[in-house]
Amino acid sequence: MSDDTLTAAPATPTTTATPRCASCPHADRLAELTRSNDDLTQLNETLQRTQEQLVQSEKLASIGQLAAGVAHEINNPVGYVFSNFSSLERYLGDLFRMLALYESAEAQLAGSPHAARIAALRAEIELDYLKEDVPTLMAESREGIARVRKIVQDLKDFSHVDARKEWEWADLHKGLDSTLNIVNNEIKYKAEIVREYGTLPEVQCLASELNQVFMNLLVNAAHAIHKPRGTIHVRTGTAGENVWVEIEDDGSGISPDNLSRIFDPFFTTKPVGKGTGLGLSLSYGIVKKHHGRIDVDSEPGRGTRFRVTLPVHRDLPEQT
Ligand SMILES: Nc1ncnc2c1ncn2[C@@H]1O[C@H](COP(=O)(O)OP(=O)(O)OP(=O)(O)O)[C@@H](O)[C@H]1O
Ligand SMILES: [Mg+2]
């Protein structure tokens, strides 16, 4: 191809081809204009992304306020139902023991009018069925209340109303290792964990909140693995004044449609009871509070990589 051929195909969709013509007196001017047009297109894209991020954080802030209110209202009643429930279970156990003793003494009442009344009532209330069903109902209710409690706790964490926060210098590898221990049960049958730790300085952070972020990412990675056994890579490293933590799985990946929604509160693709859809929005809020960022790279069918980047120094006071 000779030099003065008009090049047509742009390198990327955002880059316009520069028509070059040696004999054209305006070639330089045209090239300059094309460059500034490219710059403007890029700037426009950056602006759009920034605007989307702003909308995202606004949305999270208002939902956070709503969540804080709901969590506050529900927390108290759930608290006393939960603690009453334990007493109720104990009392029921005592009543069943008492009933068993009465039943063993029943033989001595044979032939008396009491015996007939007891037998009639036993049939009417279906005592045998009732004795079987009560423990099942109690167990199901306990699980239900425990789930409500977990959701309320998630909502409180999400909206940061439980303000027991201490900024400290922490070793993120320690946090990652302890989190991996906690979630080990959830992961060990599904995936092998491969740790590829770099050398990290201590980071000024809210260590327990960062652990929550790691936990969410690790559990999500495990949930995404549907083949008999997958691999989750946990990598760390530094980049200038920042440190980064990467969690990569070889699971289902995320479809492009879903990718733009995964940080939305309550967005979940998991069945009822398995996910509330708060994990990533909560993580987003925590990382943002550290003036860091979360990047995600995913390919359906291949897997997903989340990267959390955090500044080593807490440069500004906490944003509320
Ligand atoms: N590593 C991953 N691989 C595939 N999909 C993912 C991954 N991480 C997140 N997702 C998708 O993003 C959705 C939202 O994740 P998020 O952690 O916010 O909520 P969740 O895991 O569904 O529920 P929970 O509140 O219990 O964390 C998930 O339901 C899933 O569809
Ligand atoms: Mg999750």
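Our structure is the block above this text.
What counts, and where the lines are drawn
- Residues numbered from 1 in each chain as written.
- Chains lettered and ligands numbered in written order.
- Predicted model: local features only at pLDDT ≥ 70, side-chain atom pairs only at ≥ 80, totals over all residues.
- Heavy atoms only, no water.
- Helix = DSSP H or I, 4+ residues; strand = E, 2+ residues; numbered from the N terminus.
- Buried < 20%, exposed > 50% of the residue type's maximum accessible area, 1.4 Å probe, protein only.
- Pairing = 2+ DSSP bridges.
- Lys, Arg positive; Asp, Glu negative; His and termini not counted.
- Salt bridge = Lys/Arg side-chain N within 4 Å of Asp/Glu carboxyl O.
- Polar contact = N/O pair within 3.5 Å; in protein donor to acceptor, adjacent residues only side chain to side chain.
- Contact = heavy atoms within 4.5 Å.
- Expected span 1.5 Å × (residues − 1).
- Near = heavy atom within 4 Å.
- Areas by Shrake-Rupley, 256 points an atom, 1.4 Å probe, with all protein chains shown as cover.
- Core = buried A, V, L, I, M, F, W, Y, C linked by side-chain atoms within 4.5 Å.
- Patch = residues over 30% accessible without salt bridge, like charges linked within 9 Å, V, L, I, M, F, W, Y side chains within 5 Å.
- Phe/Tyr/Trp six-rings, centres within 6.5 Å; stacked < 30°, edge-to-face > 60°.

Undergrad: Could you give me a rundown of unusual backbone geometry, with the residues and numbers involved?
TA: Despite not being glycine, F266 shows a phi value in the positive range, around 70°. Inspection of the secondary structure puts F266 in the loop between α6 (256–259) and α7 (279–289). One non-glycine residue, H291, lies in the positive phi region at around 60°. Within the fold, H291 resides in the loop between α7 and β6 (293–299). The class of H291 is partly exposed, set by a relative accessible area of 28%.

Undergrad: Can you explain the pairing of strand β7 (residues 303–311)? Please cite residues and give values.
TA: Counted residue by residue, β7 has seven buried out of nine residues, so it is predominantly covered. Where strand β5 (residues 242–249) meets β7, eight bridges bridge the pair, whose relative direction is antiparallel. Looking at β7, one finds that V243 is bridged to L310.

Undergrad: Provide a residue-level description of the pairing of β6, including the pertinent values.
TA: Judged from the seven bridges that link them, β6 and β7 form a sheet pairing that is antiparallel. In the sheet register, S298 faces β7, and the bridge partner there is T304. Count of turn residues in the β6/β7 antiparallel hairpin: three residues, of which G301 carries a positive phi of about 85°.

Undergrad: Requested: an account of the side chain of D249, with residues and values cited.
TA: Inspection of the secondary structure assignment puts D249 in strand β5. One buried charge, D249, has no salt-bridge partner; the nearest side chain with opposite charge is K227, at 8.1 Å. Within the structure, the side chain of D249 is placed 2.8 Å from the backbone nitrogen of G251, a separation counted as a polar contact. Excluding anything up to four places from it in sequence, D249 contacts A221, A224, I225, T231, I232, R302, G303 and T304.

Undergrad: With reference to specific residues and values, describe helix α5 (residues 207–224).
TA: Taking 1.5 Å as the rise per residue, α5 with 18 residues should run 26 Å; its terminal C-alpha atoms sit 26 Å apart, in good agreement. Among the 18 residues of α5, 13 are classified as buried, and the element is accordingly described as predominantly covered.

Undergrad: Which residues make up the environment of G301, and what values do they have?
TA: Here G301 is to be found in the loop between β6 and β7. When the C-alpha positions of G301 and D250 are compared, they lie 8.1 Å apart, and in sequence the two are 51 residues distant. Aside from chain neighbours lying at most four places away, what touches G301 is G251, S252 and G253.

Undergrad: How would you sum up the site of ligand 1? Please name residues and give values.
TA: Taken together, the neighbourhood of ligand 1 is formed by 21 residues, with T268, T269, K270, T276 and L280 sitting nearest. Note that an oxygen atom of ligand 1 is positioned 3.1 Å from one of the backbone N or O atoms of G279. Taken by itself ligand 1 offers 590 Å² of open surface, and the protein chains cover 91% of this. Among the secondary structure elements, those contributing two or more residues to the shell around ligand 1 are α5, α7 and β7.

Undergrad: I'd like to hear about the nonpolar core, residue by residue, with values.
TA: Core analysis: the biggest nonpolar cluster contains 39 residues, and L172, L218, I232 and F306 have the highest contact counts within it. Among the secondary structure elements, those contributing two or more residues to this core are α4 (172–187), β3 (203–205), α5, β4 (230–239), β5, α7 and β7. In terms of residue count, α5 provides more of this core than any other element does, nine residues in total. Look past the residues within four positions of F306 in its chain and what remains in contact with it is L217, V245, E246, I247, I254, I262, F263, L280, I294, D295 and V296. V78, F82, V134 and M138 belong to the second-largest nonpolar core, a separate cluster that totals six residues.

Undergrad: I'd like to hear about a nonpolar patch on the surface, residue by residue, with values.
TA: Residues L66, V70, I74 and V148 make up a contiguous nonpolar surface patch of roughly 300 Å² in combined accessible area. Of the residues forming the nonpolar patch, the biggest block, three residues, is contributed by helix α1 (residues 27–105). Position of I74 relative to the elements: it lies in helix α1. The class of I74 is partly exposed, set by a relative accessible area of 32%.

Undergrad: Please set out the packing of aromatic side chains residue by residue, giving values where relevant.
TA: The description of an aromatic ring pair rests on the distance of the ring centres and on the angle between the ring planes. Under the defined criterion, the tally for this structure stands at one aromatic pair. Judged by centre distance (5.7 Å) and plane angle (50°), the rings of F263 and Y284 are tilted. Of the two residues, F263 is situated in the loop between α6 and α7 and Y284 in helix α7; the sequence distance between them amounts to 21 residues. With relative accessibility at 18%, the residue Y284 sits in the buried group.

Such coordinate-based values are descriptive only and should not be taken to indicate function.
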